[in-house]
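Listed below, chain by chain, are the residues.
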Amino acid sequence: MELRQLEYFVAVAEEQNFTRAAERVHISQSGVSAQIRRLERELGAELFDRSARSVTLTVAGKAALEHARATLAAAEAVGQAVGEVTHLIRGRLTVGMVIGCTLTPLFDALAAFHEAHPGVEIALLEDSSDRLVEGVRTGAVDLALIGAATATPDGLEALTIISERLIAAVPAGHPLAKERRVTLRDVIAYPTVCMPPGTGLRAVFDQACAAQSLQPAIALQAGAADAVADLAARGLGVAVLSNSMAGSHRDRLAVRTIDDVETPALLALIWKSARNPSVRELLVHSRRAFTESNPNQP
């Protein structure tokens, strides 16, 4: 049994797909399949049910998964322990980023980290905030930048990067553009354009509507804030965004804070444990990069 076989096994189990797992570990799909078959022969049991479109774990596979993760973590810890002594950090760091995010300070932090620790391989993946939170919880993702409705997801550590109220954005000719103040009821009187479920901003919006027993008519959804703003600018609905998301579109959209939604939408870095020296170092660079980009943020 080889560590790489366990790595491929965990990748397939988490991705539920041999093609995506192969992309994740940077080898061919046939290579992943061959190594998994060898592992199954050595263990004397099939680890995956391959009969359906998505690959699922068998009973034997479920029993093996946590042990495989623990073995890989232990092997990584050996390298980290040596690195702590020699002041050399190596290994792999998986960083998650919510879909549609264009915050350059994160990229600045990754670049500074790479320059300081070239021995660490960085993998960057985009996904919904909900899936990234689950990835951090399971250990598939080391650190992630997510949108959130609460400061810290249960069981994780977090660093809030941005905390902003929800706003409504409409073109100049829209009736809401003539109002100095708007409420949530004013906003949902019109079709809305917003982020999809699984994003922090959508969670704040949905929770606010539920608290007032309101049912918005979601006309369109888009994962990128610029797309939401573009759709609203074309008269397809009232955009629900945060203040900074609408910042570059104020020349064509009137922006109004939604007065009775006080819960802010958050953008936060989350991680499970800072015992990993790579995570600790990336947090140092991230704090510096985000502070320098906006000193007024927490």
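What counts, and where the lines are drawn
Residues numbered from 1 in each chain as written. Predicted model: local features only at pLDDT ≥ 70, side-chain atom pairs only at ≥ 80, totals over all residues. Heavy atoms only, no water. Helix = DSSP H or I, 4+ residues; strand = E, 2+ residues; numbered from the N terminus. Buried < 20%, exposed > 50% of the residue type's maximum accessible area, 1.4 Å probe, protein only. Contact = heavy atoms within 4.5 Å. Areas by Shrake-Rupley, 256 points an atom, 1.4 Å probe, with all protein chains shown as cover. Core = buried A, V, L, I, M, F, W, Y, C linked by side-chain atoms within 4.5 Å. Pairing = 2+ DSSP bridges. Axes fitted to C-alpha atoms, helices over the stretch in contact; angles between N-to-C directions. Arc of directions from axis to C-beta. Polar contact = N/O pair within 3.5 Å; in protein donor to acceptor, adjacent residues only side chain to side chain. Parallel < 35°, antiparallel > 145°, perpendicular 65-115°, else oblique. Left-handed = near helix turned anticlockwise from the far one by under 90°. Salt bridge = Lys/Arg side-chain N within 4 Å of Asp/Glu carboxyl O. Disulfide = S-S within 2.5 Å.

Draft legend 1. Highlighting the overall build of the protein chain. On a plain count of helices and strands, the protein chain comes out with ten helices and twelve strands. A buried classification covers 43% of the 298 residues belonging to the protein chain. Counting contacts in the protein chain only where the partners sit at least 6 residues apart, residues at least 24 apart contribute 73% of the total. For the protein chain, the exposed surface amounts to about 15,100 Å²; the carbon and sulfur share of it is 52%.

Draft legend 2. Focus on the nonpolar core. Judged by nonpolar contacts, the single largest core of 37 residues is most densely connected at Leu166, Leu184 and Leu241. The set of elements that each furnish at least two residues to this core consists of strand 7 (166-170), helix 7 (184-188), strand 8 (192-194), helix 8 (200-211), helix 9 (225-233), strand 10 (238-242) and strand 11 (254-257). Beyond its immediate sequence surroundings of up to four residues, leucine 241 is in contact with Arg165, Leu166, Ile167, Leu201, Ala225, Val228, Ala229 and Ala246. Counting residues in each nonpolar core, the second largest holds 23 residues, with Leu110, Leu145, Leu269 and Leu282 among its members.

Draft legend 3. Quick look at the sheet that holds strand 5 (residues 143-148). The strand order across the open sheet built from five strands is 4-3-5-12-6, with neighbouring strands paired in mixed fashion. The sheet is open, and its two borders are formed by strand 4 (120-127) and strand 6 (157-164), each paired with just one other strand. For this sheet, the mean inter-axis angle between neighbouring strands, taken without regard to orientation, is 20 degrees. The pairing of strand 5 with strand 12 (residues 265-271) spans six bridges and is antiparallel. Counted as the bridge partner of glycine 147 is leucine 267 from strand 12.

Draft legend 4. Examining helix 2 (residues 18-25) more closely. When helix 2 is considered as a whole, its buried residues turn out to be Phe18, Ala21, Ala22 and Val25. Down the axis of helix 2, the buried set is contained in an arc of 100 degrees. They therefore lie on one face. On its buried face, helix 2 is in contact with helix 1 (3-15), helix 3 (29-43) and strand 1 (48-49). Its side-chain oxygen at 2.8 Å from the backbone nitrogen of threonine 19, asparagine 17 defines the N-terminal cap of helix 2.

Draft legend 5. Fine view of the environment of phenylalanine 18. You can see phenylalanine 18 is positioned in helix 2. Sequence separation between phenylalanine 18 and arginine 92 is 74 residues, and the spatial gap between their C-alpha atoms is 21 Å. Beyond its immediate chain neighbours, meaning those up to four positions away, phenylalanine 18 contacts Val12, Gln29, Val32, Ser33, Ile36, Phe48, Arg50 and Val55.

Draft legend 6. Quick peek at the packing of helix 1 against helix 2. Running from N to C, helix 1 and helix 2 cross one another at 130 degrees; their axes reach a closest spacing of 8 Å. Our classification of the angle between helix 1 and helix 2 gives oblique. The two elements helix 1 and helix 2 meet at a crossing, and its hand is right-handed. Touching Glu7, Tyr8, Val10, Ala11, Val12, Glu14 and Glu15 of helix 1 are Phe18, Arg20, Ala21, Arg24 and Val25, all from helix 2.

Draft legend 7. Molecular detail of the pattern of salt bridges. Applying the stated rule across the entire model yields 14 salt bridges. With a closest N to O distance of 3.1 Å, arginine 69 and glutamate 14 form a salt bridge. Of this pair, arginine 69 sits in helix 4 (residues 59-86) while glutamate 14 sits in helix 1; the two residues are 55 residues apart in sequence, bridging distant segments of the chain. Relative accessible area serves as the criterion here: at 22%, glutamate 14 is assigned to the partly exposed category. The shortest N-O distance in the salt bridge between arginine 92 and glutamate 121 comes to 2.8 Å. Placement of arginine 92 in strand 3 (residues 91-98) and of glutamate 121 in strand 4 is noted, with a sequence separation of 29 residues between them. You can call arginine 92 partly exposed: its relative accessible area is 25%.

Draft legend 8. Representation of the state of the cysteines within the structure. The final tally for this structure, using the stated rule, is zero disulfides. In this structure cysteine 194 is a free cysteine whose sulfur lies 8.8 Å from that of cysteine 209, the closest cysteine sulfur available. A residue is classified by how much of its surface remains accessible, and cysteine 209, at 2% relative accessible area, is buried.

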